[in-house]
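Examining the three-dimensional arrangement
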Amino acid sequence: MALDGPIRTQGLHRLRGSHAKKWFVHATEIEKVPMLGLMQQQSLLISSLIEFADRHHGDGEVVSRRVEGDVHRYSWSDVANRSRQVANALDTLKLILGDRVATLAWNGYRHLELYFGVSGSGRVLHTLNPRLHPDQVVWIANHAEDQVLCFDMSFLPLVQAVHARCTTVKHWVALCDADKLPTDTGIPNLFSYEALIGQHEARYTWPDLDENTASSMCYTSGTTGNPKAALYSHRSTLLHAYAAALPDVMCISARDAILPVVPMFHVNAWGIPYSAAMTGAKLVFPGPALDGKSVYDLIEAEKVTFAAGVPTVWQMLLSHMKPANLRFSSLKRTVIGGSACPPAMIDAFRDDYGVDVLHAWGMTEMSPLGTLCTLKNKHLNLPAEAQMKLRLKQGRSIFGVDIKIVNDAGEALPHDGKTYGDLLVKGPWIIREYFKQEGPAPLVDGWFPTGDVATIDEDGFMQITDRSKDVIKSGGEWISSIDIENIAMAHPDVAMAACVGMPHPKWDERPVVCVVKKPGSLVTAPDLLKFYEGKTAKWQIPDDVIFVEAIPLGATGKMLKTKLREQLAGYKLPGI
Ligand code: AMP
């Protein structure tokens, strides 16, 4: 077919001029065989990004604050060379195409090399979230069938706690120099990253893969059941990288110095590493130091023009800057997403510091970008208050992402800015199904149901009004309300438990658990909070236990969390 198509089409093309009648006679044939364009066929591959960055922006800088505490500085050519060394090393470890290479790592240059070396050579980069409870890390690594796990030294205790239970991992790689590798870890087949890649040359012939080959994966904490993985492809990643760099999206160019504070283990740092390689932008990685002072100092020292992160991180930054009366000398814009951006934050960035806030929405299943809030020309003359109303919305859809809202019957709802419904999305970087999908695929008539509830206005600006799911967003990370409830319910004195998120000025939301005691029980809130210790990650333990007479239930016996939240109106978290 591939050969047949162009030959026949060219034949028909020649007929067109000299034998118009014949052309007409062959019309039905044309319907069957479309005329193909005469452009080169080249797969969209992640390896082409790093080759491009090397060739055209080889001296562009990549700067990382390291786990070791110092600042590391090198160029896009160095990234390319060391990515090729990574690919060679994976070949010698006998990893086959599609094998998963996991990371437990902060944002830094070695993690970036793995992005290109692992995916470019046809393996799948699996970015594990180190903030998860060790049991969750084990479950996810086993489900993904990771073969290699690379980790920053700060996660050595976590790896020591989980390695014996990660049954598919054959090689453990500490992201450190050979002389920093401890000898008494108890972890078998442990290498230092530098020793591993150091033995290999910086020349590599990247495989010419089908562009639909899997390139990376990221698990999302499901609201029900186990975590689920989005499995991205080279094609979806490249299309997303193009779109993310567009002027009305993140507007990334060779003149930018980008600070992705959003973790590389959370949906590929919103795709920024790929868009940066595509444009030759300077990259600045914060490593583990995400406090306000460290982030501010890095922005100033490296003349960062564009930064990306969740509201919690920006809250810490602003809290550091305000009392010390600090200013930005280079930062022009910041993209804020992951949870709703508070109006006061948009105001502070714009009015006090002259920084444009781009409010963005997306999800793991969407690579992640779906919408971004940039105004159109006609909005620029609106009064400040009306502009602010628009800026608070999650924004317009990006080319490549179709959005619609529907009612319970699946019927499309009007775009009037008032009617709200379930938000559905469609496009080439949105999942078709989850990795090892159990049960039916999630799509509804080809659309992916996001689980969010939203309005869309006449100009296409979307606003999330609620989540149909009840997970709690704390500091940009998920806490599953069901997990928290299940632990409480395991206590012998608890009859029923319901967990909801309560607003928190620093973390956006913190969980509280409402508990109905068993008759005669004398259990106290401190008893229950103690009960959580060791059963979930520390930061997932609820901030408070509220004893209630009953949990409101709906007609089908399900907990009515909306009602519960109404009952908690006026409640304040301890210490707020
Ligand atoms: P994740 O898959 O962890 O990236 O989370 C995706 C979910 O986060 C979405 O389905 C939304 O519920 C929520 N979310 C992401 N961005 C925003 C935003 N700007 N405003 C409100 N909610 C958001």
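Below, the structure is looked at part by part. Just so we're clear, the structure is a prediction, and the values are computed from it rather than from any experiment.

About the criteria used
Residues numbered from 1 in each chain as written. Predicted model: local features only at pLDDT ≥ 70, side-chain atom pairs only at ≥ 80, totals over all residues. Heavy atoms only, no water. Helix = DSSP H or I, 4+ residues; strand = E, 2+ residues; numbered from the N terminus. Buried < 20%, exposed > 50% of the residue type's maximum accessible area, 1.4 Å probe, protein only. Contact = heavy atoms within 4.5 Å. Areas by Shrake-Rupley, 256 points an atom, 1.4 Å probe, with all protein chains shown as cover. Lys, Arg positive; Asp, Glu negative; His and termini not counted. Charge placed at Lys NZ, Arg CZ, Asp CG, Glu CD. Salt bridge = Lys/Arg side-chain N within 4 Å of Asp/Glu carboxyl O. Phe/Tyr/Trp six-rings, centres within 6.5 Å; stacked < 30°, edge-to-face > 60°. Pairing = 2+ DSSP bridges. Axes fitted to C-alpha atoms, helices over the stretch in contact; angles between N-to-C directions. Expected span 1.5 Å × (residues − 1). 1 Å grid on protein atoms, 1.4 Å probe; cavity = no way out; pocket = protein on both sides within 12 Å on 5 of 7 lines; lining within 4 Å. Points joined across faces, edges and corners; volume = space filled by probe spheres on them. Nonpolar A, V, L, I, M, F, W, Y, C, P; charged D, E, K, R; others polar. Arc of directions from axis to C-beta. Parallel < 35°, antiparallel > 145°, perpendicular 65-115°, else oblique. Core = buried A, V, L, I, M, F, W, Y, C linked by side-chain atoms within 4.5 Å. Disulfide = S-S within 2.5 Å.

Within the protein chain, the secondary structure is distributed over 19 helices and 25 strands. If one aligns the C-alpha atoms of the protein chain with their principal axes, the spans along those axes are about 95 × 65 × 55 Å. Taken over 576 residues, the protein chain has a buried fraction of 55%. Contacts in the protein chain between residues far apart in sequence, at least 24 positions, make up 66% of those at least 6 positions apart. Surface exposure of the protein chain reaches about 25,600 Å², of which carbon and sulfur atoms provide 55%. Taking the average location of the 58 positive side-chain charges in the protein chain and that of its 63 negative ones, the two points are 3 Å from each other.

Enumeration over the complete set of coordinates arrives at 29 salt bridges. The partner of Asp70 in a salt bridge is Arg66, with the nearest N and O atoms 2.8 Å apart. Residue class for Asp70 comes out partly exposed when judged on its relative accessible area of 34%. According to the relative accessible area criterion, Arg66 is buried, its value standing at 15%.

Moving on, we come to the packing of aromatic side chains. Using the criterion set out here, one finds 10 aromatic pairs in the structure. Consider the rings of Phe116 and Tyr274, whose centres lie 6.2 Å apart with planes at 85°: the pair is edge-to-face. Of this pair, Phe116 sits in helix α6 (residues 109–120) while Tyr274 sits in helix α12 (residues 272–279), placing them 158 residues apart in sequence. Overall, the relative accessible area of 0% leaves Phe116 in the buried class. For the ring pair Tyr296 and Phe328, a centre distance of 6.0 Å and an interplane angle of 40° mean the geometry is tilted.

The residue after Ser367, namely Pro368, is reached through a cis peptide bond having omega 10°. With a phi close to 50°, Asn189 is a non-glycine residue in the positive phi region. Summarising the element assignment, Asn189 is placed in the loop between β6 (171–174) and β7 (190–192). Taking relative accessible area as the criterion, Asn189 reaches 49% and is therefore assigned partly exposed.

Right, let's get into the pairing of strand β19 (residues 448–456). Summarising burial for β19: seven of the nine residues are buried, a large majority. Two elements, strand β18 (residues 420–426) and β19, share five bridges in a ladder whose sense is antiparallel. Its bridge partner lying in β19, Val425 is registered against Phe448.

Time to look at the sheet that holds strand β11 (residues 282–285). Spatially, nine strands are ordered β2-β1-β11-β10-β12-β13-β14-β15-β16 in an open sheet, and the strand pairing comes out mixed. Single-partner strands in this sheet number two, and they are β2 (71–75) and β16 (396–397). As paired strands, strand β14 (residues 356–362) and strand β15 (residues 369–372) are joined by three bridges and run antiparallel to one another. Considered in β15, the bridge of Ala360 is made with Leu372. Those strands touched by helix α5 (residues 76–92) are β1 (61–65), β2 and β11, and its axis lies near 90° from that of β2.

Taking 1.5 Å of rise per residue, 12 residues should cover 16 Å, and α6 covers 16 Å from first to last C-alpha, within 8% of that figure. Counted residue by residue, α6 has 12 buried out of 12 residues, so it is predominantly covered. Within the span of α6, buried status applies to Tyr109, Arg110, His111, Leu112, Glu113, Leu114, Tyr115, Phe116, Gly117, Val118, Ser119 and Gly120. Among the residues trailing α6, Gly122 stands out with phi positive, at a value near 95°.

So, on to empty space enclosed by the protein. Counted by the stated rule, this structure contains two cavities of 30 Å³ or more. Here the largest cavity is characterised by a volume of approximately 60 Å³. Considering the residues around the largest cavity, the lining is formed by Val86, Ala89, Leu90, Val101, Leu114, Val148, Cys150, Val173, Tyr193, Leu196 and Ile197. The set of elements that each furnish at least two residues to the lining of the largest cavity consists of α5, β5 (146–151) and α9 (193–198). Looking at the lining of the largest cavity residue by residue, the class counts come to 11 nonpolar, no polar and no charged. Space inside the second largest cavity adds up to approximately 50 Å³.

Along helix α15 (residues 343–353), the positions that sit buried rather than exposed are Met345, Ile346, Ala348, Phe349 and Tyr353. Seen along its axis, α15 keeps its buried residues to an arc of 165°; they face one direction. Exposed and oriented more than 90 degrees from the buried face of α15 are Ala344 and Asp351. Buried positions along α15 lie against α14 (311–324), β13 (333–336), β14 and α16 (384–391). Looking one or two residues past α15, Gly354 carries a phi angle of roughly 65°, positive in sign.

Where helix α4 (residues 46–57) contacts helix α10 (residues 234–245), the two axes come as close as 8 Å, and the packing angle between them is 45°. Of the possible angle classes, the one that applies to α4 and α10 is oblique. Mapping the contact onto sequence places Ile46, Ser48 and Leu49 in α4 and His234, Thr237 and Leu238 in α10.

In this section: the nonpolar core. Core analysis: the biggest nonpolar cluster contains 112 residues, and Trp76, Phe116, Met250, Trp314, Phe328 and Phe349 have the highest contact counts within it. The dominant element in this core, judged by the number of residues it contributes, is α5, at seven residues. Counting residues in each nonpolar core, the second largest holds 30 residues, with Ala141, Leu149, Phe151 and Ala174 among its members.

Now for the state of the cysteines. All told, the structure shown has zero disulfides when counted by the stated rule. Cys150 supplies the cysteine sulfur nearest to Cys218, a cysteine that is in no disulfide, at a spacing of 16 Å. According to the relative accessible area criterion, Cys218 is buried, its value standing at 2%. Left unpaired, Cys341 is separated from the closest cysteine sulfur, that of Cys373, by 10 Å. Judged by relative accessible area, Cys341 falls into the buried class, the value being 4%.

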